[in-house]
Amino acid sequence: MSNMSSFRSYGKVDEADLHARLEARRRTRRRIAIVALSSIVLVAVIVAAVVGITRNNDSDRVEAENNGHGRVISAAIKAVCDVSMYKDTCYDSLSKGASNSSQMQPEELFKLAIKVASNELSKASDKFFSDHNGTSDDNNNNNIMFLDALGNCRELLSIAWDSLDSSLSSGKSVSDAVNDLKTMLSSAGTYQETCIDGLEEAKPGFRARVLEYLRNSTEMTSNALAILTGISKVESSLKLRRLLGEPPHEWLRPEDRKLLQSPAENWKKNANAVVGKDRFAKYKTINDALRAVPDKSKKKFIIYIKKGVYVENVRIEKPKWNVVMIGDGMNETIVSGHRNFIDGTPTFSTATFAVFGQGFVARDMGFRNTAGPSKHQAVALMSTADHSVFHRCQFDAYQDTLYAHSNRQFYSECNIYGTVDFIFGNSAAVLQNCKILPRRPVPGQKNTITAQGKKDPNENTGIVIQNCTISPFGDLSGVETYLGRPWKNYSTTIIMQSMMGSFIHPSGWLPWVGNSAPNTIFYSEFENYGAGSSTKKRVKWKGLRGISYKEAGKFTVRAFLQGDRWISDAGVAYKPGL
C-alpha cells in the first residue's frame, strides 16, 4: 500500500465519497461565480430593499430567475435571496412564509429566514428519527457505532435548533448582534454537518440518504447566514436601528472578574467545589463535582481539581454555563480516557473531555486520550462552547487530538501533541503562544497539523495560529509533516508570526483528495520564521495566498473573535492584535 493510500484510509470521509466530493466542487465553483456576480450589486439591492420597496402593486412583483413555471416573487425577497447560495430554496421558503413580503424590510426577512430554517429542521429531524429508530433497518440493529452516531445526531440537531431559536430571541442592536448572530448560524450549520459526517463515518454510503432529510434545513440555514451577511455590509451606512431589541450585554459580575484576574491560588481558595484523591476533597471525580453546578448561571462556578490522573470521560453539558476549572499544572492534573474510532466509537463521542456549556475556562490542566496511533480518531478534548478559554493546558493524543468544533474559542500557552488532523473543527479558534508538537504516527502515515471544516463562505470560522512554536516531539525522520489539509471547501487556516522547525515539508500543505485543493479555501502564512517557514516551494494553490499587514490584522484575537473582553475576564494574558 502506498503512503498516500495508507494515509487516506485514516481520513474523516470514506474513499467512496471522493467522486461525490469532486462533483460537489464543480457545482460549488459554478455557484460561487453566480454569488460573486450578485455580490457586485449587493449594497445597491439591499439599500433599495430597505428604503424603496414599500409599494404593493404589480411593479413590486418580479418573475423568479431559473424557474420555468413563471413563478413571481416580491422584489424584497429577490433582493435578499440573490446573494444566497441556494436561491430557489430561499425564494420558495420566504415567499411561502411572508404575509406581505413586498412591504417587509430585509431585517424582517432575515428573521423569517431563521424561522423557516428552524421549522424545517424540526420537521426534518422528527421525520429522520422516525424512519431510523434503530429497528427500521435490520442491517443497523447490530451496528453499535451507527446507533451511537444516530444518538449524536439527535443531540447535534437539537443543539442546532437551539442555536437557530437563540438567534431569534437574542436581544441586541444590529451592529452589536451581527457577530453573535453569525456565530449562532455558523454553529447551527456546523452541528448539522457534523451529524451528516458522523453517520457517513459509521455507515459509508449513508451520506446521500441523510442529506435528503436535511437538505432543506441546511440550505435554509445557509440562506439566513447569507442574508445576515448582506445586511451587515450596509448596516452602518443605513443606520438600521434594531434587529432583535437591545438589552445590556451580560458580562461577568465585578466580584467574579476580580477573582479571576487575581493569582491562581486565589481561585483555588475560593473554589465552589474541590476534586481530589485525598480525604480532604469533597468530590473524588470531576463528574461528581459537575452535578453541583447550577444550570444557566451567570455566576462563575469554580472547580479546583487537585493533582492526579482522573480516568473518566467528562462532559460539561450545554446548560452548565460559566464553569471554571483549575488544576495544579498541565502535567499534574490530568483527565485521561481511551475511547476511539477503531473500537467502535464515532469521532464526536471519543473525546475524553467534552465542553458544551458556554463561558467555560480551563487552566493548568492536561487532557489526554491514550488510545494510541493505531486506533485512528481519538479525541482528547472537544469544545463546542462559545467563549471557551484554555490557558496553560495540555492536549495529548495522536489523530484528532483537539476538536475545536464550533463557536468562539481561545487557547493560550498550551501544548498540543498529535499526528493526523490533530487540530480540527469549524470554530473561530485562535491559538496564541502555544507549542504545537507533531509526533510519530503509524508507519506509512503522514502528519497534518490542521483540518479546518468551514463549509459555507459566510461562516465566521477558521483556525488561527499566532506566535506559536511548531516543533517535532521525538524523532520524525522519514515522516512527512504538513501544516494542514482542507477538510471542507472553504477551509480557512492562517499561521502567523510563528516558528516552524525544518521538519515541515517544503510544500507546506497537503490536498484532502487528488492533487490540489478547492480555489475557495483561504490559507495563508504571515511573518513566520524558522527553517520550515520558507514559502518558496509551497503548493501552488489559488487558495493559498499572501496577505498584507492590514489583512493579517483581521485574524488577530480582537478582530477574528469579535471582541476579547471575555478573554480578559478569564484572567488570561493575551495579545489582542499583531
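Residues numbered from 1 in each chain as written. Predicted model: local features only at pLDDT ≥ 70, side-chain atom pairs only at ≥ 80, totals over all residues. Heavy atoms only, no water.

(A) Representation of the overall build of the protein in the model. A tally of helices and strands in the protein yields 15 helices and 27 strands. For the protein, the proportion of its 578 residues judged to be buried stands at 61%. Of all intrachain contacts in the protein linking residues separated by at least 6 positions in sequence, the fraction that spans at least 24 positions is 71%. Counting only carbon and sulfur atoms, one obtains 50% of the accessible surface of the protein, whose full area is about 22,900 Å². (Helix = DSSP H or I, 4+ residues; strand = E, 2+ residues; numbered from the N terminus. Buried < 20%, exposed > 50% of the residue type's maximum accessible area, 1.4 Å probe, protein only. Contact = heavy atoms within 4.5 Å. Areas by Shrake-Rupley, 256 points an atom, 1.4 Å probe, with all protein chains shown as cover.)

(B) Main features of the side chain of Asp456. For Asp456, the location among the structural elements is in the loop between β21 (447–452) and β22 (462–466). Buried charge without a salt bridge: Asp456, with Lys454 as the nearest opposite-charge side chain at an N-O distance of 7.5 Å. Polar side-chain contacts of Asp456 include one of 2.4 Å to the side chain of Ser222. For Asp456, the residues in contact, after removing those within four places along its chain, are Met85, Ser222, Leu225 and Tyr490. (Lys, Arg positive; Asp, Glu negative; His and termini not counted. Salt bridge = Lys/Arg side-chain N within 4 Å of Asp/Glu carboxyl O. Polar contact = N/O pair within 3.5 Å; in protein donor to acceptor, adjacent residues only side chain to side chain.)

(C) Quick look at helix α7 (residues 144–169). Relative to the 38 Å expected for 26 residues at 1.5 Å per residue, α7 spans 38 Å between its end C-alpha atoms, a close match to the ideal helical length. For α7, the N-terminal capping position is held by Asn143, with its side-chain oxygen 3.3 Å away from the main-chain nitrogen of Met145. (Expected span 1.5 Å × (residues − 1).)

(D) Molecular detail of the state of the cysteines. Scanning the entire structure with this criterion turns up two disulfides. Note that Cys81 is cross-linked by a disulfide to Cys90, the S-S spacing being 2.0 Å. Judged by the torsion about the S-S bond (-75°), the Cys81/Cys90 disulfide is left-handed. For the pair Cys81 and Cys90, a shared accessibility class is recorded, and that class is buried. Linked covalently through their sulfurs, Cys153 and Cys195 form a disulfide whose S-S length is 2.0 Å. The disulfide joining Cys153 to Cys195 has a torsion of about 100° about its S-S bond and is therefore right-handed. (Disulfide = S-S within 2.5 Å.)

(E) Layout of empty space enclosed by the protein. Scanning all chains against the criterion turns up two cavities of 30 Å³ or more. Around the largest cavity, the lining residues are Ala149, Asn152, Cys153, Leu156, Thr194, Cys195, Gly198, Leu199, Glu201, Pro346 and Phe348. When residues of the lining of the largest cavity are assigned to their parent elements, the largest contribution, five residues, is made by helix α8 (residues 174–202). Among the residues making up the lining of the largest cavity, the classes are represented as seven nonpolar, three polar and one charged. (1 Å grid on protein atoms, 1.4 Å probe; cavity = no way out; pocket = protein on both sides within 12 Å on 5 of 7 lines; lining within 4 Å. Points joined across faces, edges and corners; volume = space filled by probe spheres on them. Nonpolar A, V, L, I, M, F, W, Y, C, P; charged D, E, K, R; others polar.)

(F) Region of interest: the sheet that holds strand β24 (residues 481–484). If you walk across this open sheet you meet the seven strands as β6-β9-β12-β15-β18-β21-β24, and the pairing is parallel. Two strands bound the open sheet, and with one partner strand each, they are β6 (314–316) and β24. Averaged over all adjacent pairs, the angle separating strand axes in this sheet is 10°, with direction ignored. (Pairing = 2+ DSSP bridges. Axes fitted to C-alpha atoms, helices over the stretch in contact; angles between N-to-C directions.)

(G) Summary view of the sheet that holds strand β14 (residues 394–396). The strand order across the open sheet formed by eight strands is β5-β8-β11-β14-β17-β20-β23-β26, and the pairing between neighbours is parallel. Two strands bound the open sheet, and with one partner strand each, they are β5 (308–311) and β26 (499–500). The pairing of β5 with strand β8 (residues 333–337) spans four bridges and is parallel. Residue pairing in the sheet places Val309 in a bridge with Ile334 of β8.

Purely geometric stuff here, so don't read any function into it on its own.
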